[in-house]
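Structural description and commentary
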Amino acid sequence: MWTYHPDLLARPVPRYTSYPTAADFVDQVGETEYAEALDRMASATPLSLYVHIPYCDQICWYCGCNTGAANRKHRLTDYLTALRAEIAMVAKRLGGRGRVQHIAFGGGSPNAITPVDFVRLLDRIMTVFDCSRPEISIEIDPRTFTSEWALVLASSEVTRVSLGVQTFAPHIQAAIGRVQPLEQIEQAMMGLRMRGIEAINFDLMYGLPGQTLHDLNATLDETIRLAPSRIALFGYAHLPAMIPRQRRIDASNLPDDLARFAQAQFGYEKLTQAGYVPIGFDHFALPSDPLAAAARENRVNRNFQGFTHDGASTLLGFGASAISILPGLIVQNEKNAGPYRTLVSAGQLAATRGVAPGPEEAKRGDIINAILCRGRVTLDNKILPTARAALTKFERRGLLFWEDATLVLAEGAQPYARVIAAQFDGYRGSIQPHSGPASLHSAAPAC
Ligand code: SF4
C-alpha cells in the first residue's frame, strides 16, 4: 500500500540513468577526454554498445526523445554513413581492446531505417569490434514493423525487442498523436514469436491526457494477456516549454498529481498481482526473465536504457546525442545530426560535452544506484551522520529504516525512491552539497 505525501513529491528530481546526470554535463569535457579514456582502456574490457537512430516515421506528440522525421531519404543515408564511420573510428582507436557483450539499438525508432541498412550497421559493428555472441536488443515502432523486419531481426540473432505501446485506449492514442490499434501490437508480437524472439518488452505510460484508472486497467489487462517478458510503466512528463511537440497535447485534460499517483500505484499492484517481479521504481519482469534473476541476485544495474541486468561498466554510445560511460568519464555526442555528421566526417570523435566524476562523485553515484536498483545501501562513517539527519523526514513517515549503517527502503517506498536517492545528489541534494554550477541544476526530461 502506497501513501501519498505530496510535499515529498513536489520537487522534480532526475531519473538518474547516470550520475552525474546529463543536465550536469559541461562543454569543457568532450572529445579529448573521450579519446584519452579510450586509450586507457584495458584489453578484454567488457563493453556495451548503444547505437542511436534519431529518426521516426511518425512523430508522437508526447515524445521527449532526440528524434526527427525520417521523411528525407538522403538525410538518413548521410546519417548512417556517419554512424558507420564513427563506429569504425572508435574501434580503430581501441585496437581490439574491449569485448562486446551487449549491443542496443535505440532512438528514435531503429526501424525507421531499412532492414538492409540495419544489417549493414550490425555487420559493421561485428566486423570492427571483438564480439562473441553479444546480446542484441532493439527498440521498435510497432506501427511500421513488418514481417521482413521480424525475419531480419531473427536472422541477425537479435535477442530482445522493445515495443512502444504506451496505451491501448483509442481516445488516448488520438490525444497523444500515436494511433496504433491493438491488432498491430498483436501482429508484431506474433511475428516476433514465430521467428523465435520471445524476449519482448512493452513501454507503457500513465498520466496521459484523458487517461482514467479504467483506461489503465484495460491496457494492463491486454498487456497481461499478451505476456511481454518485461514492462516499463512510465509517468508522462508534460514539459511543453522544453519539448515543443508536446504543445499539441491538451494539457487541460491531464490527470492531476493525485490521479497520477493512484495510476502508478494501480499499475504496480496489478502487474505484481499478475506475477510480474517489480524492478526498481518503474520496471516489471516475468520471473523467468534475466532481469528478474538479476533482481534475485542483487545484480540489477541502471543505465540509459533504464533498469538492466547488463553488468558492463563501460558503455560506448554511437550517433547523435548518444552517451558513453567509461571509468571516470561520461560524455555525450553532439546532439544534432547535422553537426554530428560534420564532426565525424572530419575524422573527429563526436563527444562535445560531459563530466569527469572524481572519487566523491563516483561514490555518490554508487549510493544513488544502490538505492534505486536494490533498495538498500550501506554507508560509511563519513556520510552516515549527515544522511541520517537529512533523511529523518522520510524515516518518520515509514518510507525507510536503518539496519545499523544500512539504509533500507520500506515496503511502499517505490514512488519516493528517486526523491530519497536525490538527497545524495551533490548537485541537488541536502547531503553535503556539491559546489557544481547552479545553472546546470534543472532536471532533464527522460526519453
Ligand atoms: S515515442 Fe518513439 S516512435 Fe514516437 S516519436 Fe518518440 S521515439 Fe519516435
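Because the structure is predicted, anything quoted here is derived from the model rather than measured.

A closer look at the pairing of strand 19 (residues 406-409)
The two faces of a sheet get side chains in turn, since along a regular strand they alternate between them. Because side chains alternate across strand 19, one face comprises the buried residues Thr406 and Val408, and the other comprises Leu407 and Leu409, equally buried. Alignment of strand 17 (residues 376-378) against strand 19, held across 3 bridges, turns out to be antiparallel. Bridging across to strand 19, threonine 378 finds its partner in threonine 406. The sheet contact formed by strand 18 (residues 400-403) and strand 19 spans 4 bridges and is antiparallel. Across the sheet, residue glutamate 403 finds its bridge partner in strand 19, namely threonine 406. Counted between consecutive antiparallel strands, the loop separating strand 18 from strand 19 contains 2 residues, among which aspartate 404 sits at a positive phi close to 55°.

As for the site of the ligand
The local shell around the ligand consists of Cys56, Gln58, Ile59, Cys60, Tyr62, Cys63, Thr67, Gly108, Ser109, Asp141, Arg143 and Arg178. Here the shell around the ligand is composed, by residue class, of 5 nonpolar, 4 polar and 3 charged.

Things to note about the pattern of salt bridges
Across all of its chains, the model carries 19 salt bridges by this definition. For aspartate 289, the salt bridge is made with arginine 160, and the minimal N-O distance between the two is 2.8 Å. Of this pair, aspartate 289 sits in the loop between strand 10 (283-285) and helix 10 (290-296) while arginine 160 sits in strand 6 (residues 160-166), and the two are 129 residues apart along the sequence. Take aspartate 289 and arginine 160: they sit in the same class, and that class is buried. In this structure, arginine 193 and glutamate 198 form a salt bridge, with 3.7 Å as the shortest nitrogen-oxygen distance. Salt bridges sharing partners connect three or more residues here, namely Asp24, Asp425 and Arg428.

Regarding the layout of surface pockets
Computed from the structure, the second largest pocket encloses a volume of approximately 670 Å³. Lining the second largest pocket are 29 residues, and of these Asn301, Arg302, Ser313, Ile325 and Asp366 sit closest to its centre. Top element by residues in the lining of the second largest pocket is helix 12 (residues 359-374). It accounts for 7 residues. Here the lining of the second largest pocket is built from residues that sort into 14 nonpolar, 9 polar and 6 charged. Here the lining of the second largest pocket spans two domains, since at least three of its residues come from each of domain 1 (21-318) and domain 2 (358-433).

Topic: the nonpolar core
In terms of nonpolar packing, the biggest core is built from 131 residues, with Phe129, Leu153, Phe202, Leu316 and Phe424 touching the most fellow members. When residues of this core are assigned to their parent elements, the largest contribution, 10 residues, is made by helix 3 (residues 73-94). Structurally, this core is a two-domain feature, drawing no fewer than three residues from each of domain 1 (21-318) and domain 2 (358-433). With residues near it in sequence (within four places) discarded, phenylalanine 129 still touches Leu47, Leu49, Ile87, Val90, Ala91, Leu94, Val100, Leu316 and Phe318.

Overview of unusual backbone geometry
Cis geometry is adopted by the peptide bond preceding proline 20, which originates at tyrosine 19 and carries an omega value of -5°. Within the secondary structure layout, proline 20 lies in the loop between helix 1 (6-9) and helix 2 (31-40). A cis geometry characterises the amide bond from glycine 107 onward to glycine 108, with omega recorded as 20°. Secondary-structure assignment places glycine 108 in the loop between strand 4 (99-107) and helix 4 (115-128). Its identity as a non-glycine residue notwithstanding, tyrosine 16 has a phi of 55°, on the positive side. Owing to a relative accessible area of 4%, tyrosine 16 belongs among the buried residues under this scheme. Residue glutamine 166 is not a glycine yet carries a positive backbone phi of 70°.

Examining the UniProt feature "domain: Radical SAM core" (unreviewed entry) in the protein chain
Feature annotation in UniProt assigns "domain: Radical SAM core" (unreviewed entry) to the following positions: residues 41-282. Within the segment residues 41-282, helix and strand shares are 40% and 23% respectively, and the terminal C-alpha atoms sit 33 Å apart.

Structural notes on the domain arrangement of the protein chain
We note that the domain assignment places domain 1 (21-318) and domain 2 (358-433) within the protein chain. Taken together, the 12 residues of domain 1 in the interface contact 10 residues of domain 2. Of the roughly 1,000 Å² buried between domain 1 and domain 2, counting both surfaces, carbon and sulfur atoms make up 56%. Among the residues of domain 1 in contact with domain 2, Asp24, Phe261 and Phe281 are the three that bury the most area, contributing 44% of the side total. The interface formed by domain 1 and domain 2 includes 1 salt bridge. Our enumeration of links across domain 1 and domain 2 arrives at 5 residue pairs in polar contact (both at pLDDT 80 or more). Listing elements by their share of the side of domain 1 that touches domain 2, those giving two or more residues are helix 9 (257-273) and strand 11 (301-303). Grouping the constituent residues of the side of domain 1 that touches domain 2 by class yields 6 nonpolar, 4 polar and 2 charged.

What counts, and at which threshold
- Residues numbered from 1 in each chain as written.
- Predicted model: local features only at pLDDT ≥ 70, side-chain atom pairs only at ≥ 80, totals over all residues.
- Heavy atoms only, no water.
- Buried < 20%, exposed > 50% of the residue type's maximum accessible area, 1.4 Å probe, protein only.
- Helix = DSSP H or I, 4+ residues; strand = E, 2+ residues; numbered from the N terminus.
- Pairing = 2+ DSSP bridges.
- Near = heavy atom within 4 Å.
- Nonpolar A, V, L, I, M, F, W, Y, C, P; charged D, E, K, R; others polar.
- Salt bridge = Lys/Arg side-chain N within 4 Å of Asp/Glu carboxyl O.
- 1 Å grid on protein atoms, 1.4 Å probe; cavity = no way out; pocket = protein on both sides within 12 Å on 5 of 7 lines; lining within 4 Å.
- Points joined across faces, edges and corners; volume = space filled by probe spheres on them.
- Domains from an automatic or database assignment.
- Core = buried A, V, L, I, M, F, W, Y, C linked by side-chain atoms within 4.5 Å.
- Contact = heavy atoms within 4.5 Å.
- UniProt positions renumbered as here; feature names shortened; annotations may be inferred.
- Buried area = accessible area lost by both parts, 1.4 Å probe.
- Polar contact = N/O pair within 3.5 Å; in protein donor to acceptor, adjacent residues only side chain to side chain.

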